[in-house]
Amino acid sequence: MFIFFNTVLMRKLACLICVLVAFGVNTSFAQDYKTGIGLRGGWIGGLTVKHFLKEGKALEGIFSSGWGWRGYQITGLYEIHKAAFTKDGAEGFYWFYGAGAHFGGGYKHLKYYSTGLYSGYYETHNYVTFGIDGIFGLEYKINEIPVTLGLDLKPFIEFSNYRGYPFRFWDGAFSIRFVF
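Residues numbered from 1 in each chain as written. Predicted model: local features only at pLDDT ≥ 70, side-chain atom pairs only at ≥ 80, totals over all residues. Heavy atoms only, no water.

Considering the side chain of Thr75
The test is simple: In this text, helices come from DSSP runs of H or I with a minimum length of four residues, and strands from runs of E with a minimum of two, each type numbered from the N-terminal end. Contacts are assigned to residue pairs that have any heavy atoms within 4.5 Å of one another.
Within the fold, Thr75 resides in strand S4 (residues 71-83). Sequence-distant contacts of Thr75, that is, excluding residues within four places in its chain, are made with Glu60, Gly61, Ile62, Ala101, His102 and Asp133.

As structure tokens, then:
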């Protein structure tokens, strides 16, 4: 069974993305690294890899495993980075926003108990999930060491074949990456 949202929620999400795109417009595009590999801590946490294709444009991949349901999730995102706090003279801060998709799957063991002669049994539910993701956040490149720190919000719409699947619409995370 798939989970679908009404059109009002879709309109609100579209408005939010438009506001974020308009807010992120800036003329400075400097980025201090080409590739970063690290960890992302959040509901959809795990290994994160970000690679810049050209100035201010990046691809990010997130691989997470065991996020509550003995499963995995692979997320791919296209991101645009813009310099932040340039009027204040702060260096190394970047706003970013983008969109992408994810795919995942796994299983969940559910234990049932009975008060009769039978004491209980396990039932395994396999599931597949996919969805559409957005992302926006702030990243800081530490100049003295090859490390970036980032905070982001990653709203997503998810579809799953498991009726008892715990739906999450917002994912926030802290990321730390070694860059080169």
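Brief notes about the environment of Lys57
In this structure, Lys57 sits in strand S3 (residues 57-65). Linking Lys57 and Gly98, residues 41 residues apart in sequence, is a C-alpha distance of 9.6 Å. Leave out the neighbours within four places in its chain, and Lys57 touches His51, Phe52, Tyr78, Glu79 and Ile80.

Overview of the pairing of S3
Short version of the rule: Exposure is judged per residue with a 1.4 Å probe applied to protein chains only, and the accessible area is read against the type maximum: over 50% gives exposed, under 20% gives buried, and values in between give partly exposed. The rule for pairing is simple: two strands pair if DSSP sees at least two bridges between them.
Residues Ala58, Glu60, Ile62 and Ser64 line the buried face of S3, whereas the alternating positions Lys57, Leu59, Gly61, Phe63 and Ser65 sit on a face that is not buried. Alignment of strand S2 (residues 46-54) against S3, held across seven bridges, turns out to be antiparallel. Across the sheet, the residue bridging to Thr48 is Ile62, located in S3. The turn linking S2 back onto S3 is made up of two residues, and Gly56 within it adopts a positive phi angle of 80°. Bridging between S3 and S4 involves nine bridges; their strand directions are antiparallel. If you follow Ser64 over to S4, its bridge partner there is Gln73.

Observations concerning the packing of aromatic side chains
Note the following rule: Any Phe, Tyr or Trp ring, taking Trp's six-membered ring, that has another such ring centre within 6.5 Å forms a pair; planes under 30 degrees apart are called stacked, those over 60 apart edge-to-face, and the others tilted. Two thresholds decide whether a charge sits over a ring: the Lys NZ or Arg CZ must be within 6 Å of the ring centre and within 35 degrees of the ring normal.
A full pass over the atoms with the stated rule returns seven aromatic pairs. A centroid spacing of 5.1 Å and a plane angle of 90° characterise the contact between Tyr33 and Phe52, whose relative ring orientation is edge-to-face. Taken together, the residues span a long stretch of sequence, with Tyr33 in the loop between helix H1 (7-23) and strand S1 (35-42) and Phe52 in strand S2 at a distance of 19 residues. With relative accessibility at 8%, the residue Tyr33 sits in the buried group. Judged by relative accessible area, which is 2%, Phe52 ranks as buried. Taking 5.7 Å as the distance between ring centres and 50° as the angle between the ring planes, the aromatic pair formed by Phe85 and Trp95 counts as tilted. With Phe85 in the loop between S4 and strand S5 (93-112) and Trp95 in strand S5, this pair connects stretches of sequence that are 10 residues apart. Site record: aromatic cluster; members linked through ring pairs are Phe85, Phe93, Trp95 and Tyr140. For the cation-ring pair, Lys50 lies above Phe96, with the distance from its terminal atom to the ring centre recorded as 4.3 Å.

Structural notes on the pairing of S2
Bridge analysis of S1 against S2 gives six bridges, and the strand direction is antiparallel. Across the sheet, the residue bridging to Gly36 is Lys50, located in S2. Connecting S1 to the antiparallel partner S2 that follows it, the hairpin turn spans three residues.

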